[in-house]
Amino acid sequence: MANTKELQDLTTQVRRDILRMVHKVNSGHPGGSLGCAEFLVALYNEIMDRKDGFDMDGLNEDVFFLSNGHISPVFYSVLAHAGYFPVEELNTFRLIDSRLQGHPTTHEGLPGVRIASGSLGQGLSVALGAAQAKKLNNDTSLVYTLHGDGELQEGQNWEAIMYASAKKVDNLIATIDLNGQQIDGSTDTVLPMGSIKAKFEAFGWDVLEVNEGNDIDAILKGMAEAKALTGKGKPVCVLLKTVMGHGVDFMMYTHAWHGKAPNDEQLANALGQNPETLGDY
Amino acid sequence: MKTYTYTEKKDTRSGFGAGLAELGRTNPNVVALCADLIGSLKMDEFIKENPERFFQIGIAEANMMGIAAGLTIGGKIPFTGTFANFSTGRVYDQIRQSIAYSDKNVKICASHAGLTLGEDGATHQILEDIGLMKMLPGMTVINPCDYNQTKAATIAIAEHHGPVYLRFGRPSVPIFTPADQKFEIGKAINFTEGTDVTIVATGHLVWEALEASKTLNEKGISAEVINIHTIKPLDAKAILDSVAKTGCIVTAEEHNVIGGLGESVARVLATHNPTPQEFVGTNDTFGESGTPAQLMDKYGLNAEAIVKACETVIKRK
């Protein structure tokens, strides 16, 4: 059981990894990655009940699906620090012959990844299948997912959201990264979605809100509550309010860094705001 | 010349239903999903015997493909069932990313393929599905020719690890392959030996090819009829061995000639042994409403069209 300080230190190191990965190849998606750093660190190191090593079926352990695959930098860094593959491999992000493709894939055999994602809106359906397979296998562990808020504009999500409650898939916790930003601007300017909470509730889900989605303790508390809601006949949704670009002042509160890498000077500035903790890869 | 007869006609989709029911009894990992077309896909028997292993998804094919991909992650072997149109074009990106690129062991089972869906018309008569599916890396594409072959193929694909597209149809067609056959993925079947022309056919056109070979025989033309049930991976050797004897080939399929079996055969021939070829298929067109027989006649997908194509190709030798 890690304490908050340890999780915070790991988060800072993950932020450094994200910035250095996207800077090196001058591509990738730092904004959403930075915003979800606390969540994925907490998920993999405290919330999920995971086995050592990796096998595709994930029997009798909690499994996670990243639906918004473009935040691969944070996913890869967290997976590496969780022991799925060497941290040094982060050096190969987006390079030719790498297992760390621009968007996550099972195709190159990277441990920790169970589905390809990148084309948006597909992750929840996959998670539902995995959750129903767990029930068939009498496996009482849970399925976790993460989705972007803009991603909810994809219609397949709503097929899955409708199905999940209809079929009482109650071993699933879907988290929505509510950062209010997407490529072309704020979600409210691109396609206002109204109350996401009301929509999930109308579709028969239990919904929890974590208003401090970049605060480790708030995440741990919210996810513990979410876990307590599982097994009661309803799927569970966590609305995680985060700040895109969190931890780097000039990347926060804007969609500008959704899919843009920092230059040398910007990288130095950003790393200065996130001093090394566990050591750079 | 070896000739084929039949005593019974049945729809190939019922072969799928029978195969799925047998898998339900023999393989506990097989699960089935359907998007509100249980009766059309003949899945009732499996569902009755294995209610806990059946997932009714509702009219939401994209969700069905994703759920199928997810079910493999617990070691299940999902068989999805809906019409061919909704099994492919409607959900291409879901199949591409969540199934094919993710190497998931999903069996996409597609009924009512092609013109023989009949009266519902072109919105439902997909003639592009073989092309869509064969282009996906790692996807196996199978189009069996009768009830028995469809049943055997359904059972066989459960033993194959990897994504499979299994295409079958709605109308009753002659049963002319053995009930006890062992289905080998990727292995062509020679129905008749011949020396003048090779006919390579798939799906409902195999029976038509056999009928054509009888007519050709009466005209003194010796046709070799090969059943390619597996369009990908293609049995290139069977095709090359046959054209080495006959020197020309006709391909026949209930599909657009663009993107279908014929083009796969043409690629093999162009690469290894350029050979005159004629294509029996639909010619870059949508279908329309009508009875299956009327449509196959109007669009030139029958024995008569195969005979004509053979006569044409022989002249090109």
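Residues numbered from 1 in each chain as written. Chains lettered and ligands numbered in written order. Predicted model: local features only at pLDDT ≥ 70, side-chain atom pairs only at ≥ 80, totals over all residues. Heavy atoms only, no water.

Considerations on the packing of aromatic side chains
What describes a pair of aromatic rings is the distance from one ring centre to the other and the angle between the planes of the rings.
Then, number 1: Evaluation of the coordinates by the stated rule reveals 15 aromatic pairs over all chains.
Then, number 2: When the ring of Phe 200 of chain A is compared with that of Trp 205 of chain A, the centres are 5.1 Å apart and the planes differ by 80 degrees; the resulting orientation is edge-to-face.
Then, number 3: On the basis of relative accessibility, which here comes to 1%, the residue Phe 200 of chain A falls in the buried class.
Then, number 4: Overall, Trp 205 of chain A belongs to the buried group, its relative accessible area being 2%.
Then, number 5: Aromatic pair Phe 176 of chain B and Trp 207 of chain B: ring centres 5.2 Å apart, planes at 45 degrees, arrangement tilted. In this pair, Phe 176 of chain B sits in the loop between strand 8 (172-174) and strand 9 (189-192) while Trp 207 of chain B sits in helix 9 (residues 205-218), placing the two residues 31 residues apart along the sequence. When sorted by exposure, Phe 176 of chain B lands in the same class as Trp 207 of chain B, which is buried.
Then, number 6: Sitting over the face of the ring of Tyr 281 of chain A, Arg 20 of chain A holds its NZ or CZ atom 4.3 Å from the ring centroid.
Then, number 7: The ring of Tyr 147 of chain B carries the charged tip of Lys 10 of chain B above its face, separated from the ring centre by 4.1 Å. (Phe/Tyr/Trp six-rings, centres within 6.5 Å; stacked < 30°, edge-to-face > 60°. Buried < 20%, exposed > 50% of the residue type's maximum accessible area, 1.4 Å probe, protein only. Helix = DSSP H or I, 4+ residues; strand = E, 2+ residues; numbered from the N terminus. Lys NZ or Arg CZ within 6 Å of the ring centre and 35° of its normal.)

Comments concerning the domain arrangement of chain B
All names here are of chain B.
Then, number 1: According to the domain assignment, chain B contains domain 1 (10-174) and domain 2 (189-315).
Then, number 2: Counting from both sides, the interface comprises 33 residues of domain 1 and, opposite them, 34 residues of domain 2.
Then, number 3: Interface of domain 1 and domain 2: buried area, both sides summed, is about 2400 Å²; carbon and sulfur atoms make up 59% of it.
Then, number 4: Summed over the three residues of domain 1 that lose the most area to domain 2, namely Leu 115, Leu 127 and Lys 134, the buried surface amounts to 27% of that side.
Then, number 5: Where domain 1 meets domain 2, there are 0 salt bridges.
Then, number 6: Where domain 1 meets domain 2, there are 25 residue pairs in polar contact (both at pLDDT 80 or more).
Then, number 7: Elements supplying a minimum of two residues to the side of domain 1 that touches domain 2: helix 7 (129-134), strand 6 (140-142) and strand 8.
Then, number 8: Looking at the side of domain 1 that touches domain 2, its residues break down into 15 nonpolar, 12 polar and 6 charged. (Domains from an automatic or database assignment. Contact = heavy atoms within 4.5 Å. Buried area = accessible area lost by both parts, 1.4 Å probe. Salt bridge = Lys/Arg side-chain N within 4 Å of Asp/Glu carboxyl O. Polar contact = N/O pair within 3.5 Å; in protein donor to acceptor, adjacent residues only side chain to side chain. Nonpolar A, V, L, I, M, F, W, Y, C, P; charged D, E, K, R; others polar.)

Side note on unusual backbone geometry
Then, number 1: Cis peptide bonds are those with omega within 30 degrees of zero, and the linkage from Lys 232 of chain B to Pro 233 of chain B qualifies with 0 degrees.
Then, number 2: Along the chain, Pro 233 of chain B falls in the loop between strand 12 (230-232) and helix 10 (236-246).
Then, number 3: The backbone of Asn 60 of chain A shows a phi angle near 60 degrees, a positive value even though the residue is not glycine.
Then, number 4: Looking at where Asn 60 of chain A falls in the secondary structure, it is placed in the loop between helix 3 (37-47) and strand 1 (63-66).
Then, number 5: Look at Asn 60 of chain A and you get exposed, because its relative accessible area is 55%.
Then, number 6: In this structure, Asn 138 of chain A takes a positive phi of about 55 degrees despite not being glycine.
Then, number 7: Its location among the elements puts Asn 138 of chain A in the loop between helix 5 (123-136) and strand 2 (143-148).

Observations concerning the sheet that holds strand 3 (residues 54-56) of chain B
Residues and elements named next belong to chain B.
Then, number 1: Strands sit in the order 3-2-4-5-7-6-12 across an open sheet of 7 strands; the sheet is mixed. Edge positions in the open sheet fall to strand 3 and strand 12, since each of these has one partner strand only. Averaged over all neighbouring strand pairs, the angle between strand axes comes to 20 degrees, with direction disregarded.
Then, number 2: In terms of strand pairing, strand 6 meets strand 7 (residues 164-167) through 3 bridges, oriented parallel. Paired with Thr 140 across the strands is Val 164, a residue of strand 7. (Pairing = 2+ DSSP bridges. Axes fitted to C-alpha atoms, helices over the stretch in contact; angles between N-to-C directions.)

Examining the packing of helix 3 of chain A against helix 4 (residues 72-81) of chain A
Residue and element names in this part refer to chain A.
Then, number 1: Axis separation between helix 3 and helix 4 bottoms out at 10 Å; the angle between their running directions is 30 degrees. Judged on the interaxial angle alone, helix 4 and helix 3 are roughly parallel. Crossing of helix 3 over helix 4 shows right-handed handedness. Where helix 3 abuts helix 4, its residues Ala 37, Leu 40, Val 41 and Tyr 44 lie against Val 74, Phe 75, Val 78 and Leu 79. (Parallel < 35°, antiparallel > 145°, perpendicular 65-115°, else oblique. Left-handed = near helix turned anticlockwise from the far one by under 90°.)

Some details on the nonpolar core
Then, number 1: Counting residues in hydrophobic clusters, the biggest one holds 73 residues, and the most contacted among them are Phe 65, Phe 200 and Trp 205 of chain A together with Ile 95 of chain B.
Then, number 2: In terms of nonpolar packing, the next biggest core, distinct from the first, is built from 57 residues, Leu 43, Phe 93, Leu 146 and Leu 240 of chain A among them. (Core = buried A, V, L, I, M, F, W, Y, C linked by side-chain atoms within 4.5 Å.)

Notes on the sheet that holds strand 10 (residues 197-201) of chain B
Residues and elements named next belong to chain B.
Then, number 1: Strand order in the open sheet made by the 5 strands is 9-11-10-13-14, with mixed pairing throughout. The sheet terminates laterally at strand 9 and strand 14 (277-282), the two strands that pair on one side only. Each neighbouring strand pair of the sheet contributes to a mean axis angle of 25 degrees, computed without reference to strand direction.
Then, number 2: Here strand 10 runs beside strand 11 (residues 223-227); their pairing, made up of 5 bridges, is parallel. In the sheet register, Val 197 faces strand 11, and the bridge partner there is Ala 223.
Then, number 3: Contacting strand 9, strand 10, strand 11 and strand 13 (249-256), helix 9 runs over the sheet at an angle of about 170 degrees to strand 11.
Then, number 4: Where helix 10 meets the sheet, it contacts strand 10, strand 11 and strand 13, and its direction lies at approximately 155 degrees from that of strand 10.

Describing the pairing of strand 10 of chain B
Residue and element names in this part refer to chain B.
Then, number 1: In terms of burial, strand 10 is a largely internal element, 5 of the 5 residues being buried.
Then, number 2: Residues Val 197, Ile 199 and Ala 201 point to one face of strand 10 and Thr 198 and Val 200 to the other, with burial holding for every one of them.
Then, number 3: Of the pairings in the sheet, the one linking strand 10 to strand 13 comprises 4 bridges and is parallel in character. For Ala 201, the partnering residue across the bridge sits in strand 13 and is Ala 252.

As for the UniProt feature "domain: Transketolase-like pyrimidine-binding" (unreviewed entry) in chain B
Then, number 1: Here the UniProt-annotated "domain: Transketolase-like pyrimidine-binding" (unreviewed entry) positions come out as residues 10-175 of chain B.
Then, number 2: Within the segment residues 10-175 of chain B, helix and strand shares are 41% and 19% respectively, and the terminal C-alpha atoms sit 7 Å apart. (UniProt positions renumbered as here; feature names shortened; annotations may be inferred.)

Quick look at the interface of chain B and chain A
Then, number 1: The interface of chain B with chain A comprises 27 residues on the first partner and 30 residues on the second.
Then, number 2: Summing the contributions of chain B and of chain A, the shared interface buries around 2200 Å²; its carbon and sulfur component is 53%.
Then, number 3: Interface area lost by chain B to chain A is led by Ile 73, Gln 97 and Tyr 101 of chain B, which between them contribute 29%.
Then, number 4: Our enumeration of links across chain B and chain A arrives at 0 salt bridges.
Then, number 5: Taken together, chain B and chain A are joined by 19 residue pairs in polar contact (both at pLDDT 80 or more).
Then, number 6: Breaking the side of chain B that touches chain A down by element, the ones donating at least two residues are strand 3, helix 4 (61-72) and helix 6 (92-100) of chain B.
Then, number 7: In terms of residue class, the side of chain B that touches chain A is made up of 10 nonpolar, 11 polar and 6 charged.

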